[in-house]
Amino acid sequence: MKTSTLVIRTPEGIVFSQVLAGPVTRFWAWFIDQLFIHVLLTVLGMLLGFMEIFTFGFAIAFYVIGWFVVGVGYGIFFEWSWRGQTIGKRLFRLRVVDVQGMRLQFNQIVVRNLLRFVDELPLFYFVGGVTCWLNSKCQRLGDLAANTVVIRSPRIQEPDLDQLLAGKFNSLRQFPHLVARLRQNVSPAEAGIALQALLRRNEFDSVARVEMFSDLAAHFHARVEFPPEATDGVADEQYLRNVVDVLYRTRPEKKVENAVPA
């Protein structure tokens, strides 16, 4: 039975899953890409048409070479430039990734695109489509050779920070000058990693979760050192919540004054 989810376990014990793209969606993405390739080849043919008066044979030979370069180079160029996506894949929110969750390598992109001509045989991706249906990870021959899969990239919704960070007093807000320095020293990429760690914390097993938040907390401690009264007794995961709170929410925290009897 074909599975629609690819489960990946890293050497550190972190487990995450990716939704695999089905043959039908992949076919329509390929069809859109073929339209763009056809436009490029049409433009190339028009340019070479002016050369037929002088060197007809050279123009034909150059067109055949151009047909191969455009047909293969289109996928290689876009999948490398757009991190595993072409125009068709981007429209259908698909992406090529390494089957083990590793960074996609250039040689993998080249191999899967060179074998595309075999998958397209005899017509309309018949070989590749049959291979996808029979393979548990929906891989065509090019994917099998390159050790890649095509996944769906669902639209990311803006997280509800009020719900994610609610219910805890943020001791860092007592030091606004240090908070300002933290915002200045932390890059958007670092802030995004911290946010994603909190959003996906339930996907990790207990040991990996503790180690991950310990490493992240140490990283942000090194960015800006807060006084002991702001961090003593605060667990690593809660400290990261406090960091995300001050990085993403700029409004000041409401102060609650205790009533003092007269």
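Quick notes on the rules
Residues numbered from 1 in each chain as written. Predicted model: local features only at pLDDT ≥ 70, side-chain atom pairs only at ≥ 80, totals over all residues. Heavy atoms only, no water. Helix = DSSP H or I, 4+ residues; strand = E, 2+ residues; numbered from the N terminus. Expected span 1.5 Å × (residues − 1). Buried < 20%, exposed > 50% of the residue type's maximum accessible area, 1.4 Å probe, protein only. Arc of directions from axis to C-beta. Salt bridge = Lys/Arg side-chain N within 4 Å of Asp/Glu carboxyl O. Patch = residues over 30% accessible without salt bridge, like charges linked within 9 Å, V, L, I, M, F, W, Y side chains within 5 Å. Areas by Shrake-Rupley, 256 points an atom, 1.4 Å probe, with all protein chains shown as cover. Core = buried A, V, L, I, M, F, W, Y, C linked by side-chain atoms within 4.5 Å. Contact = heavy atoms within 4.5 Å. Pairing = 2+ DSSP bridges.

A.B. asks: Give a description of helix H10 (residues 188-199) that names residues and reports values.
C.D. replies: In this model, H10 (12 residues) spans 16 Å end to end at C-alpha, consistent with the 16 Å of a helix rising 1.5 Å per residue. Along H10, the residues that are buried comprise Glu-190, Ala-191, Ala-194, Leu-195, Ala-197 and Leu-198. Seen end-on, H10 carries its buried residues on one side only, within an arc spanning 160°. Opposite the packed face of H10, turned more than 90 degrees from it, sit the exposed residues Pro-188 and Ala-189.

A.B. asks: I'd like a rundown of the pattern of salt bridges, residues and numbers included.
C.D. replies: Using the criterion set out here, one finds 11 salt bridges in the structure. The salt bridge involving Glu-79 is made with Lys-89; its shortest N-O contact spans 3.3 Å. Here the residue Glu-79 occupies a position in helix H2 (residues 56-81), and Lys-89 occupies one in helix H3 (residues 87-91), the gap between them amounting to 10 residues. Like Lys-89, Glu-79 is buried. One connected set of salt bridges, linked through shared partners, spans Arg-26, Glu-79, Lys-89, Arg-112, Arg-116 and Asp-143.

A.B. asks: If you had to explain unusual backbone geometry to someone new, which residues and values would you point to?
C.D. replies: The residue after Leu-121, namely Pro-122, is reached through a cis peptide bond having omega -15°. Mapped onto the secondary structure, Pro-122 falls in the loop between helix H5 (116-119) and helix H6 (126-134). You will see that Arg-83, though not glycine, has its phi angle at about 55°, which is positive. Positive phi, normally seen in glycine, also occurs at Arg-93, with a value near 60°.

A.B. asks: Summarise helix H4 (residues 106-114); cite the residues concerned and give the values.
C.D. replies: Residues of H4 that are buried include every one of Gln-108, Ile-109, Arg-112 and Asn-113, and no others. Projected down its long axis, H4 carries its buried residues within an arc of 125°, all on one side.

A.B. asks: Break down a nonpolar patch on the surface for me, citing the residues and quoting the values.
C.D. replies: Together, Val-24, Trp-28, Phe-31, Leu-35, Phe-36, Leu-91, Phe-92, Phe-126, Val-130, Trp-133 and Leu-134 make up a nonpolar patch on the protein surface, roughly 1,200 Å² of accessible area in all. Listing elements by their share of the nonpolar patch, those giving two or more residues are helix H1 (23-49) and H6. It is H1 that contributes the most residues to the nonpolar patch, 5 residues altogether.

A.B. asks: Tell me about the nonpolar core, and please be specific about residues and values.
C.D. replies: Ranked by size, the top nonpolar core spans 26 residues in total, and within it Leu-172, Leu-182, Phe-220, Phe-226, Tyr-239, Leu-240 and Val-243 carry the most contacts. When sequence neighbours within four positions are dropped, the list of residues in contact with Leu-182 reads Phe-220, Arg-223, Val-224, Phe-226, Val-243, Val-246 and Leu-247. Core analysis: the next-biggest nonpolar cluster, separate from the first, contains 9 residues, Ala-21, Ala-29, Val-72 and Leu-94 among them.

A.B. asks: Which residues make up the pairing of strand S4 (residues 148-152), and what values do they have?
C.D. replies: Within S4, 4 of the 5 residues are buried, which leaves it mostly tucked inside the rest of the structure. Here 5 bridges tie strand S3 (residues 94-98) to S4, and the two strands are oriented antiparallel to one another. Among the inter-strand pairings, Val-97 is bridged to a residue of S4, identified as Val-149.

Function cannot be read off these values alone, since they describe shape.
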